[in-house]
Amino acid sequence: MTGNLIKWLPIILAGLLTAAEVHGSEGDPAIWRKMVRASTTVHEVFLSRTPQIVIYGNGLIVFRDDDFKTPHRQIRLEGEELGGLYVVMQNSFGLSSLTNEWIDNELPYARSIQEPFRESNDKVTIWIGLHAPPSRHTYSPALLKARSVNDVIAPAWNAMYKFNNFLSGFSHPGAQPFVPDRVEIAVQKLPGYMEDQSEDAMDWPLDAIDLAEVKGKRPRGYRELAGSDAREAYRLLTEHQAIRSGGQVYLVWVRPLLLP
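Values in this document were obtained by computation on a predicted structure and should not be read as measured data.

Peer 1: Can you walk me through the sheet that holds strand β2 (residues 53-56) in this structure?
Peer 2: Strand pairing within a sheet occurs via backbone hydrogen bonds; the two strands may be parallel or antiparallel. On the basis of which strands lie adjacent, the open sheet formed by seven strands has the order β6-β5-β1-β2-β3-β4-β7 and antiparallel pairing. Lying at the two open borders of the sheet, with one neighbouring strand each, are β6 (135-139) and β7 (176-177). As paired strands, strand β4 (residues 73-76) and β7 are joined by two bridges and run antiparallel to one another. Each residue of the ladder has a partner; that of Gln74, found in β7, is Gln176.

Okay, structure coming up:
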């Protein structure tokens, strides 16, 4: 099996990476997945605006779990390891052919074999940039599972279901903490029910970023940060969310910006 993968690796990679280069430099996203749950906290809604996983054309993969239990981590795959990942995805999911057209053409067959299920407002979106034009697929996980029951009649839906599970469970033993160069912060006054945390609030280290100005007169204000400001804010806010600035204590959230 390994010998066959090595034999066909240059041919498969050539097709996949050539298609990816049509849409930008190799550092652009090649694949990303975003999971948005229907019933969640305001904080989790904010965090879910960032994809749960992004695979970039240059081999960088940034990922976290679906339930926000851990922050994003990163691994950069190179050489045979990067090639092997694309081979696995191509052989397992027919990735280069997993287009909106293929999915739509199979829709009548998928509906005919669809198992009974209870629909929910949970939504998963998978974007694939390895074919032209790129494709975006948004479904509920329950719907994907219900239509994936027959690989002969509806192979595209079965592949999409399995691909979603693959991306959802992605991990790598060599992954390291991820510190982004671009982030978004959300700033609000510390809620009364968190008042006990005000004594342990951390001082805001970025004098050039006025949290009172970011919040403004709105219940919650937002600001994008880049470069060293983004990295410093991310390191602080992934550990502490009660932040003191100008005599006021704020609740500040942060999320990495992973897409252009």
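Peer 1: So what exactly am I meant to see when it comes to the packing of helix α4 (residues 100-113) against helix α6 (residues 155-168) here?
Peer 2: The relative placement of two packed helices is expressed as an angle between their axes plus a distance between the axes. Where α4 meets α6, the closest approach of the two axes is 8 Å, and the angle between their N-to-C directions is 110°. As judged from the angle between their axes, α4 and α6 are roughly perpendicular. Only Pro155, Ala156, Trp157 and Met160 of α6 make contact with α4, whose side of the interface consists of Trp102, Ile103, Glu106, Leu107 and Ala110. Of the residues belonging to the contact of α4 with α6, the class tally is eight nonpolar, no polar and one charged.

Peer 1: How do you make sense of the pairing of strand β8 (residues 182-189) when you look at a structure like this?
Peer 2: In terms of residue burial, β8 counts as a mostly covered element, since six of its eight residues are buried. Where β8 and strand β10 (residues 221-226) come together, six bridges link them in antiparallel fashion. When the bridges of β10 are listed, Val187 appears paired with Gly221. Where β8 and strand β12 (residues 248-256) come together, seven bridges link them in antiparallel fashion. Bridge pairing links Gln188 to Leu251 in β12.

Peer 1: Please clarify how the packing of helix α3 (residues 79-93) against α6 should be interpreted in this entry.
Peer 2: The N-to-C vectors of α3 and α6 enclose an angle of 145°; their axes lie 9 Å apart at closest approach. Residues Leu85, Met89 and Phe93 of α3 touch α6, and the partners they reach there are Ala159, Lys162, Phe163 and Phe166. A breakdown of the residues in the contact of α3 with α6 according to their chemical character gives six nonpolar, no polar and one charged.

Conventions adopted
Residues numbered from 1 in each chain as written. Predicted model: local features only at pLDDT ≥ 70, side-chain atom pairs only at ≥ 80, totals over all residues. Heavy atoms only, no water. Pairing = 2+ DSSP bridges. Helix = DSSP H or I, 4+ residues; strand = E, 2+ residues; numbered from the N terminus. Axes fitted to C-alpha atoms, helices over the stretch in contact; angles between N-to-C directions. Parallel < 35°, antiparallel > 145°, perpendicular 65-115°, else oblique. Contact = heavy atoms within 4.5 Å. Nonpolar A, V, L, I, M, F, W, Y, C, P; charged D, E, K, R; others polar. Buried < 20%, exposed > 50% of the residue type's maximum accessible area, 1.4 Å probe, protein only.

Shape descriptors only; they carry no functional weight alone.
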